[in-house]
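# Structural overview
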Amino acid sequence: MRNYQVLDSASVQNHILRLRTAENNPEQPWLSMSREGAFLSLSTSFGPLEIALRLNYDNFTKRLQQLHPVPGLATTRQVGTANSYIALGLTDNQHLVMIPTIVTDASGRISFNLLATTPVYRAMLDWLGVKIDP
């Protein structure tokens, strides 16, 4: 079963969006994004472990616009390649499910299971400049 870490705080520093948990935890999960021309650099870390992805900005924002709420914690879209991607989903209560993943081979993968609260999801959309119809 997946153990989702809740991201309930968003801040912007030096043009970098940082999503994290407000809980005081020295190994708290982080997800940071920065824009690099046509790409979106995404870094997810928990303690000393990090997954870094470089995604096409237009593909990422298009997938966010295509999300529809699904009951439960389902991911319905992916951005990236077969070897490294982020799976995205929207819960029925407007929480964003994000699963950045690095595939090792047919025998395994490394993933972070993240859940952004509605205010953090909205802050991310604003930072990215994505308009979603209510």
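Look up a bit, the structure's there.
Now for a description of the structure that goes with this document. Remember, predicted model here, so these are calculated numbers, not experimental data.

### Remarks on helix 1 (residues 57–65)
Every buried residue of helix 1 is listed here: Tyr57, Phe60, Thr61 and Leu64. Buried residues in helix 1, looked at end-on, bunch into an arc of 90°, giving them a common side. With a side-chain oxygen lying 3.0 Å from the backbone nitrogen of Asp58, the N-terminal cap of helix 1 falls on Asn56.

### Observations concerning the pairing of strand 10 (residues 96–105)
Here strand 9 (residues 84–91) pairs with strand 10 via seven bridges, running antiparallel. By the bridge assignment for strand 10, Leu90 is matched with Leu96. Between strand 9 and strand 10, which pair antiparallel in sequence order, lie four residues; one of them, Gln94, sits at a positive phi of approximately 65°. Relative to strand 12 (residues 114–116), strand 10 runs antiparallel, the two sharing three bridges. Residue pairing in the sheet places Val97 in a bridge with Leu115 of strand 12. The antiparallel hairpin formed by strand 10 and strand 11 (residues 108–111) contains two residues in its connecting segment.

### Points about the environment of Gln28
Along the chain, Gln28 turns up in the loop between strand 3 (16–20) and strand 4 (29–36). Linking Gln28 and Gln5, residues 23 residues apart in sequence, is a C-alpha distance of 8.8 Å. Every residue in contact with Gln28, bar those within four places of it in the chain, is listed here: Arg20, Thr21, Glu23, Ser45, Phe46 and Gly47. Here Arg20 takes part through its side chain, which lies 3.5 Å from a polar atom of the side chain of Gln28.

### Concerning the packing of aromatic side chains
One pass over the structure, following the stated rule, counts zero aromatic pairs. The ring centre of Phe39 lies 4.1 Å from the NZ or CZ of Arg54, which sits over that ring.

### What about the layout of surface pockets?
By volume, the largest pocket is sized at about 170 Å³. Along the walls of the largest pocket sit 13 residues, with Leu67, His68, Leu90, Ile132 and Asp133 positioned nearest its centre. When the residues that make up the lining of the largest pocket are grouped by side-chain class, the tally is seven nonpolar, three polar and three charged.

### Structural notes on the pattern of salt bridges
Applying the stated criterion to the full structure yields one salt bridge. Between Arg54 and Glu36 there is a salt bridge; the shortest N-O distance is 3.5 Å. Linking Arg54 in strand 6 (residues 49–56) with Glu36 in strand 4, this pair joins segments that are 18 residues apart in sequence. Here Arg54 falls in the exposed class, since its relative accessible area comes to 53%. Overall, Glu36 belongs to the partly exposed group, its relative accessible area being 38%.

### Looking at unusual backbone geometry
Within the chain, Asn14 stands out as a residue other than glycine whose phi angle is a positive 55°. Among the structural elements, Asn14 can be located in the loop between strand 2 (9–13) and strand 3. Classification of Asn14 by relative accessible area gives exposed; the value is 71%.

The rules we used
- Residues numbered from 1 in each chain as written.
- Predicted model: local features only at pLDDT ≥ 70, side-chain atom pairs only at ≥ 80, totals over all residues.
- Heavy atoms only, no water.
- Buried < 20%, exposed > 50% of the residue type's maximum accessible area, 1.4 Å probe, protein only.
- Helix = DSSP H or I, 4+ residues; strand = E, 2+ residues; numbered from the N terminus.
- Arc of directions from axis to C-beta.
- Polar contact = N/O pair within 3.5 Å; in protein donor to acceptor, adjacent residues only side chain to side chain.
- Pairing = 2+ DSSP bridges.
- Contact = heavy atoms within 4.5 Å.
- Phe/Tyr/Trp six-rings, centres within 6.5 Å; stacked < 30°, edge-to-face > 60°.
- Lys NZ or Arg CZ within 6 Å of the ring centre and 35° of its normal.
- 1 Å grid on protein atoms, 1.4 Å probe; cavity = no way out; pocket = protein on both sides within 12 Å on 5 of 7 lines; lining within 4 Å.
- Points joined across faces, edges and corners; volume = space filled by probe spheres on them.
- Nonpolar A, V, L, I, M, F, W, Y, C, P; charged D, E, K, R; others polar.
- Salt bridge = Lys/Arg side-chain N within 4 Å of Asp/Glu carboxyl O.

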